[in-house]
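# Breakdown of the fold
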Amino acid sequence: MTPLTAPLAAAPHPHHLTLDQRRVHIAEHQRGADATAVGRLLLHLPNFLCSLFVVALLSLFLGSLGFLLILVWLAGGLLVFHRPTESVIARRLLGLRHPLPQERALLEPVWREVTARAGVEAETYELWIEDSDSLNAVAAAGHIVGVTRFAMHQLPNGELAAVLAHELGHHVGGHAWSSLLGYWYALPGRMAWRFLRAFSRVVFAVSRAFSCFGVGMVLLVFGAFALVTISSLYGLPLLVLAMPYALAAVGRRAELRADQHAAALGFAPMLAAVLHQLHLADQQREALAMARHGGVPMRESALSKLLSSHPDHYTRLHHLQPYLPPQPPQPHQPHQPPGPPQPHGPQPPSYPQHR
């Protein structure tokens, strides 16, 4: 009687990590502000000055207490690093939740591997979960690292580590806090600009009822407003119109820097695999959109590309190439002499071979 043999164990995924305990070397500088973060703050400076102008106008209605409104608005930016405020942002604005015990047991070993390679204290940041079936992650405020349920359960732990290392790169480079800080200080000016746009639509619609004279008066009023902003505020309100494109360009650069951070920690092949999955998902969405429009391909305009906050798939892979292992050379195929002539007439079908 032959002994029973144990079934062969499934081969581990090539991107599976062995999460061994190791000594952690904590870096001297845990967080910083790279050129991308500084550039984002500088680009928000016109927005900040416009917002300050708006808040100062509103403070006039409060009389002697008006300066308190300005101080409260300026101090509000410090709440980016306030833990309870960050929890409100995570829950209310980003739709995140705290991980369950079994989810924490899955995430924390991978997170500790990432932070150990980066020399960062793992407890500095909080892990959050987004109940989504898409592949995504987020770094927000001062200490939030969020990941979707799909990424946590469907990715090999090496690819999950690459995703987390990418988000850690946003925090280490100061991208997350500078983005939220710029958004907060630009909010009053943005709201005032939206009000002016809505008001201008109403005024233009009313003026059309009074023939060309009314339209001319509207153009004259708004032309005078533009002239006043150029002469008194150095055209800053008009410069705000170009800010979305400049901020989108800085955002694309921030994504490449976060990719570089993950690649420098040894996660380049894993990150490339994740980017490939995201590219396939984008192609599927484009195919569905094309099917809904009768097979006509949907072309993205040049302006919409300039407003994209993420680089395209090929650009990100191009910047990952220095960190990827070299491809093995293809074996040389000897020259085959031409075969005998094929007979004419119908031939049996040939089927592709899967490799």
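Residues numbered from 1 in each chain as written. Predicted model: local features only at pLDDT ≥ 70, side-chain atom pairs only at ≥ 80, totals over all residues. Heavy atoms only, no water.

Per the secondary structure count, the protein chain includes 13 helices and 3 strands. Across the protein chain, the fraction of contacts at a sequence separation of at least 24, relative to all contacts at a separation of at least 6, is 75%. If you sum the accessible surface of the protein chain, you get close to 23200 Å²; carbon and sulfur atoms cover 66% of it. (Helix = DSSP H or I, 4+ residues; strand = E, 2+ residues; numbered from the N terminus. Contact = heavy atoms within 4.5 Å. Areas by Shrake-Rupley, 256 points an atom, 1.4 Å probe, with all protein chains shown as cover.)

Taken in spatial order, the 3 strands make up an open sheet running E1-E3-E2, and their pairing is mixed. Sheet topology places strand E1 (126–130) and strand E2 (137–140) at the edges, where each strand pairs with a single neighbour. With strand direction ignored, the average angle separating the axes of adjacent strands in the sheet is 20 degrees. Where E1 lies against strand E3 (residues 144–148), 5 bridges are found, and the strand directions are parallel. (Pairing = 2+ DSSP bridges. Axes fitted to C-alpha atoms, helices over the stretch in contact; angles between N-to-C directions.)

This brings us to the packing of aromatic side chains. A complete count under the given rule lists 5 aromatic pairs for this structure. Ring centres of Phe48 and Trp73 lie 5.6 Å apart, and the angle between their planes is 15 degrees; on these two criteria the pair is classed as stacked. Here Phe48, found in helix H2 (residues 45–59), pairs with Trp73, found in helix H3 (residues 66–76); they are 25 residues apart in sequence, far enough to count as distant. Taking relative accessible area as the criterion, Phe48 reaches 23% and is therefore assigned partly exposed. Given a relative accessible area of 7%, Trp73 falls into the buried group. On the numbers, 6.1 Å between centres and 45 degrees between planes, the contact of Phe81 with Trp177 is tilted. A residue pair is termed long-range when its members are at least 10 positions apart, and Phe81 in the loop between H3 and helix H4 (83–93) and Trp177 in helix H8 (residues 175–208) qualify at 96 residues. Look at Phe81 and you get partly exposed, because its relative accessible area is 37%. Since its relative accessible area comes to 15%, Trp177 is described here as buried. The structure contains a cluster of three or more aromatic residues connected by ring pairs, namely Phe48, Trp73 and Tyr185. (Phe/Tyr/Trp six-rings, centres within 6.5 Å; stacked < 30°, edge-to-face > 60°. Buried < 20%, exposed > 50% of the residue type's maximum accessible area, 1.4 Å probe, protein only.)

Turning our attention to the nonpolar core. Ranked by size, the top nonpolar core spans 35 residues in total, and within it Trp111, Val147, Leu164 and Phe267 carry the most contacts. If you list the elements that add at least two residues to this core, you get helix H5 (101–118), E1, E3, helix H6 (149–154), helix H7 (157–172) and helix H11 (243–292). Counting residues per element, this core draws most heavily on H11, at 10 residues. Not counting residues up to four positions away in its chain, the partners in contact with Leu164 are Val110, Trp111, Val114, Val145 and Val147. (Core = buried A, V, L, I, M, F, W, Y, C linked by side-chain atoms within 4.5 Å.)

The next thing to look at is the environment of His15. Relative to the helices and strands, His15 is located in the segment before helix H1 (35–43). Taking relative accessible area as the criterion, His15 reaches 15% and is therefore assigned buried. Taking the C-alpha atoms as reference points, His15 and Ala161, separated by 146 residues in sequence, lie 9.8 Å from one another. Look past the residues within four positions of His15 in its chain and what remains in contact with it is Pro156, Asn157, Gly158, Glu159, Pro269, Met270 and Ala273.

Quick look at the packing of H5 against H7 now. Any two packed helices are characterised by how steeply their axes cross, that is the angle between the axes, and by the distance between the axes. Packing of H5 against H7 leaves a shortest axis separation of 9 Å and a crossing angle of 55 degrees. With respect to each other, H5 and H7 are oriented oblique. Two packed elements cross with a definite hand, and for H5 against H7 that hand is right-handed. In contact with Leu107, Val110, Trp111, Val114, Thr115 and Ala118 of H5, H7 contributes Asn157, Leu160, Ala161, Leu164, Ala165 and Leu168. (Parallel < 35°, antiparallel > 145°, perpendicular 65-115°, else oblique. Left-handed = near helix turned anticlockwise from the far one by under 90°.)

Okay, the pattern of salt bridges next. Taken as a whole, this structure holds 10 salt bridges when the rule is applied. Close ionic contact of Glu126 with Arg83 constitutes a salt bridge, the shortest N to O distance being 3.2 Å. Of this pair, Glu126 sits in strand E1 while Arg83 is found in helix H4, placing the two residues 43 residues apart along the sequence. Here Arg83 falls in the partly exposed class, since its relative accessible area comes to 32%. For Asp131, the salt bridge identified is with Arg97, shortest N-O distance 2.9 Å. With Asp131 in the loop between E1 and E2 and Arg97 in the loop between H4 and H5, this residue pair connects regions lying 34 residues apart in the sequence. Given the relative accessible area of 46%, Asp131 is considered partly exposed. (Salt bridge = Lys/Arg side-chain N within 4 Å of Asp/Glu carboxyl O.)

Here we take up the confidence of the model for the protein chain. Across the protein chain, pLDDT averages 81, with 75% of residues at or above 70. Across residues 1–7 the pLDDT falls below 50, and counting only partners more than four positions away or on other chains, this stretch makes 0 contacts in the model. A low-confidence stretch, residues 342–355 (pLDDT under 50), is modelled with 0 contacts involving residues beyond four sequence positions or located in other chains. (pLDDT = per-residue confidence, 0-100.)

Our next topic: helix H13 (residues 313–320). Structural remark: α-helix, 3.6 residues per turn; residues separated by three or four positions point the same way. Restricting attention to buried positions, one finds in H13 the residues His313, Arg316 and Leu320. Down the axis of H13, the sector holding all buried residues measures 70 degrees, keeping them to one side. Summarising the geometry of H13, the exposed residues directed more than 90 degrees from the buried face are Tyr314 and His318. (Arc of directions from axis to C-beta.)

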